[in-house]
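One letter stands for each residue in the lines below.
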Amino acid sequence: MTVNSDIEREIHAVAERAGNAAVDLATLSRSVKDTALAAIADALVKRADEITAANAEDVERARRDGTSPAMIDRLTLTPARIEAIADAVREIVELPDPVGESVRGGVLPNGLDLRQIRVPLGVIGIIYEGRPNVTVDAAALCLKSGNAALLRGSSSAYASNTAIVGVLRDALEGTGVPVDAIQMVPGRTRESSTALMRARGLVDVLIPRGGRSLIQAVVRDSTVPVIETGEGLCHVYVDVDADLDKAVAIAVNAKAQRCSVCNSAETLLVHDAIAEAFLPKVLAALAEAEVTVHGDRRVLEIAEAHSTGATVVEADEEDWATEYLSMDLAVRVVSDVDEALAHIRTYSTRHTEAIVTDSLSTSRYFVARVDSAAVMVNASTRFTDGGEFGFGAEIGISTQKLHARGPMGLTEMTSTKYVVTGDGHVR
């Protein structure tokens, strides 16, 4: 492998150390890994002041740079958030270890014993934007599933990530888990990310977490295999047979419960037959939640005819294709479920779509025709999450079909190999 720069040499050095750590990590028992994870959780809480002090540097820099409130929210760590991150690690401790699990197998007609078992992927590189909680989630999931983690966060969270990785590595001392199972990728420039993407043979898989530009850059430039995650242009469709009160609650929750994450709703589609009854209700509720509505002509007409208090601006083509990650919601009236499905096929990022309806036949029709990682029936899009699904913390939501789809928990962090046992068999 040709090395052309100092940063490439640094990246290759940490990747080689990660590879050596992965060999040992793959054979460790669950008890050893769980002890290490428990030590990590305790260390995060114990050293929370150190982490929040480093995080404050990043947040202040972000404010000076004019970063949006939504992005600052994703960047910010508080003692309560660190406690929640530590709790997520403790939840991973309680989850079954997928390594060594038998997927299928049996004795073949020729007497060979065939077993397909789960094994770690190896060295996983994670490239992600300004969410320092990902540093912990990714490291913990990789450790439990027997993988070494190379963590490349954004420069906007550099101080936070440096402090967190220091805490994690210190916690591993004396646990039996190699310290180099968790490493921060050196460098803060684009060059270090590019070097990681080109480290084929040293890094087994890359997982990007962030917006469209980051994900597409990694997919385009990487020679290492990539699992696409993160971008979420999620839709809620309110059907003619919907319970309107439930629909209001679901729409507001999907948008406003936490707007800066990938499973928040960005577009609300409303069946024309209930638009006059439903839109005044939902617009009033969205106004109370301080959501700005980007509506089509029909939405504007109904908003003008009712005193909802909502801020409604006219939507254009760009609104239907925008992942706002802010308190903005595109709203469109559609003639029926087929028009809703056509809109979703055109603009969806294949993350999560939801339908609100009391019609079993319509819900089945919708579910069968939506090609996304998750489909919600009478539930908020905010439930597409590893923790909510019972997987523990997730490394991301995969929006592709290979190698995993949906929330990537422990099982999705493994591959398989075949173990064939004979008794002097020859072919």
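Per chain, the residues get numbers from 1 upward, laid out in the order the sequence is written. Totals for whole chains, interfaces and linings use every residue, but because this is a predicted model, local features are given only for residues with pLDDT of at least 70 and side-chain atom pairs only at 80 or more, for both listing and counting. Hydrogen atoms and water are omitted, and side-chain values are computed over all heavy atoms in the structure.

1. Topic: the state of the cysteines
Put simply, a disulfide is two cysteine sulfurs that come within 2.5 Å. Tallied over the full model, the rule gives 0 disulfides. Here Cys 234 stays unpaired: no disulfide links it, and the sulfur of Cys 262, its closest cysteine neighbor, is 6.9 Å away. The exposure class assigned to Cys 234 is buried, which follows from its relative accessible area of 0%. Type-normalised accessible area, obtained with a 1.4 Å probe on protein chains alone, sets the label of each residue: buried when under 20%, exposed when over 50%, and partly exposed for intermediate values.

2. Quick word on the sheet that holds strand S5 (residues 182-184)
Here, a strand pair is defined by DSSP locating no fewer than two bridges between the strands. The helix count covers DSSP runs of H or I at least four residues long, the strand count covers runs of E at least two residues long, and both are numbered beginning at the N terminus. Taken together, 4 strands build an open sheet; the order of strands is S5-S4-S3-S6 and the sheet is parallel. Every other strand in the sheet has two partners, leaving S5 and strand S6 (205-209) as the edge strands with one partner each. For this sheet, the mean inter-axis angle between neighbouring strands, taken without regard to orientation, is 20°. As judged from the 5 bridges shared by strand S3 (residues 123-128) and S6, these two strands associate in the parallel manner. Its bridge partner being in S6, Tyr 128 is matched across the sheet by Arg 209. Sheet strands touched by helix H8 (residues 190-197): S3, strand S4 (148-152) and S6. Its angle to S4, the strand with the most contacts, is close to 150°. Sheet strands touched by helix H9 (residues 212-221): S3 and S6. Its angle to S6, the strand with the most contacts, is close to 160°. Under this scheme, a helix contributes an axis fitted over its contacting stretch, all axes are lines through C-alpha atoms, and angles between N-to-C directions fall in the 0 to 180 degree range. Throughout, a residue-residue contact means that at least one pair of heavy atoms, one from each residue, lies within 4.5 Å.

3. Considerations on the side chain of Asp 239
With respect to the helices and strands, the residue Asp 239 is situated in the loop between strand S7 (234-238) and helix H10 (244-256). One buried charged residue, Asp 239, forms no salt bridge at all, with the nearest opposite charge on Arg 369 at 13 Å. By the criterion applied in these results, polar contacts are pairs of N or O atoms within 3.5 Å in which, for protein atoms, one can donate a hydrogen and the other can accept it, and in which residues neighboring in sequence qualify only through two side-chain atoms. Reaching out from Asp 239, the side chain makes a polar contact with the side chain of Tyr 237 at a distance of 2.8 Å. Within polar-contact distance, the side chain of Asp 239 engages the side chain of Thr 357 at 2.8 Å. When neighbours within four sequence positions are excluded, Asp 239 is seen to be in contact with His 271, Ile 274, Val 356, Thr 357 and Thr 362. By the counting rule applied here, Lys and Arg register as positive and Asp and Glu as negative, while His and the ends of each chain are not counted. Basic side-chain nitrogens of Lys or Arg form a salt bridge, by our definition, when they fall within 4 Å of a carboxyl oxygen of Asp or Glu.

4. Examining helix H12 (residues 297-305)
The set of residues buried in H12 consists of Val 299, Leu 300, Ile 302 and Ala 303. Looking straight down H12, one finds that the buried residues subtend no more than 170° of arc, so they occupy a single side. Relative to its buried face, H12 has exposed residues pointing more than 90 degrees away, namely Glu 304 and Ala 305. Those residues of H12 that are buried lie in contact with helix H11 (272-288), strand S9 (292-295), strand S10 (311-314) and strand S11 (328-334). Picture the helix axis, draw a direction to every C-beta atom, and the arc is the one those directions span.

5. Things to note about the packing of aromatic side chains
Aromatic pairs are defined between Phe, Tyr and Trp rings, using the six-membered ring for Trp, whenever the two ring centres lie within 6.5 Å; interplanar angles under 30 degrees are classed as stacked, those over 60 as edge-to-face, and all others as tilted. Going through the model one piece at a time under the given rule, you end up with 2 aromatic pairs. A ring pair is formed by Tyr 237 and Phe 366, whose centres lie 6.1 Å apart and whose planes are at 15°; its orientation type is stacked. Here Phe 366 lies in helix H15 (residues 360-369) and Tyr 237 lies in strand S7, a separation of 129 residues in the sequence. Classification of Phe 366 as buried rests on a relative accessible area of 0%. The interplanar angle of 90° and the centroid separation of 5.8 Å between the aromatic rings of Phe 389 and Phe 391 together place this pair among those described as edge-to-face. Since its relative accessible area comes to 35%, Phe 389 is described here as partly exposed.

6. Thoughts on a nonpolar patch on the surface
Taken together, Phe 383, Phe 389 and Phe 391 make up a surface patch of nonpolar side chains, about 250 Å² in accessible area. Along the chain, Phe 383 falls in the loop between strand S13 (374-377) and strand S14 (397-398). Without a salt bridge and with relative accessible area above 30%, a residue can belong to a patch; like charges are then joined within 9 Å and nonpolar side chains (Val, Leu, Ile, Met, Phe, Trp, Tyr) within 5 Å. Methods summary: accessible areas were calculated by the Shrake-Rupley approach with a probe of 1.4 Å, and residue burial reflects only the protein chains presented.

7. Considering the packing of helix H2 (residues 30-46) against helix H6 (residues 133-144)
It is the contact of H2 with H6, at a shortest axis distance of 9 Å, that shows an interaxial angle of 165°. Relative to H6, the element H2 is oriented roughly antiparallel. You can see that H2 and H6 cross each other, and the crossing is right-handed. Where H2 approaches H6, its residues Arg 30, Lys 33, Asp 34, Ala 36, Leu 37, Ile 40 and Leu 44 are matched on the opposing element by Val 136, Ala 140, Leu 143 and Lys 144. Comment on the angle field: the value is read as roughly parallel under 35 degrees, roughly antiparallel over 145, roughly perpendicular from 65 to 115, and oblique elsewhere. Take the far helix as your reference; a near helix turned counterclockwise from it by less than a right angle gives a left-handed crossing, and one turned clockwise gives a right-handed crossing.

8. Quick word on H10
Take the residue count of a helix, subtract one, and multiply by 1.5 Å to get its expected span. Compared with the 18 Å implied by 1.5 Å per residue over 13 residues, the 18 Å span of H10 between its first and last C-alpha is a close match. Turning to H10, its buried residues number three or more, namely Leu 244, Ala 247, Val 248, Ile 250, Ala 251, Val 252, Ala 254 and Lys 255. Of the residues flanking the start of H10, the one acting as N-cap is Asp 243, its side-chain oxygen 3.1 Å from the backbone nitrogen of Asp 245.

9. Here we look at the side chain of Ser 326
Position of Ser 326 relative to the elements: it lies in the loop between helix H13 (317-320) and S11. There is a polar contact of 2.7 Å between the side chain of Ser 326 and the side chain of Asp 328. Setting aside anything within four residues of it in sequence, one finds Ser 326 in contact with Lys 255 and Cys 259.

Shape descriptors only; they carry no functional weight alone.
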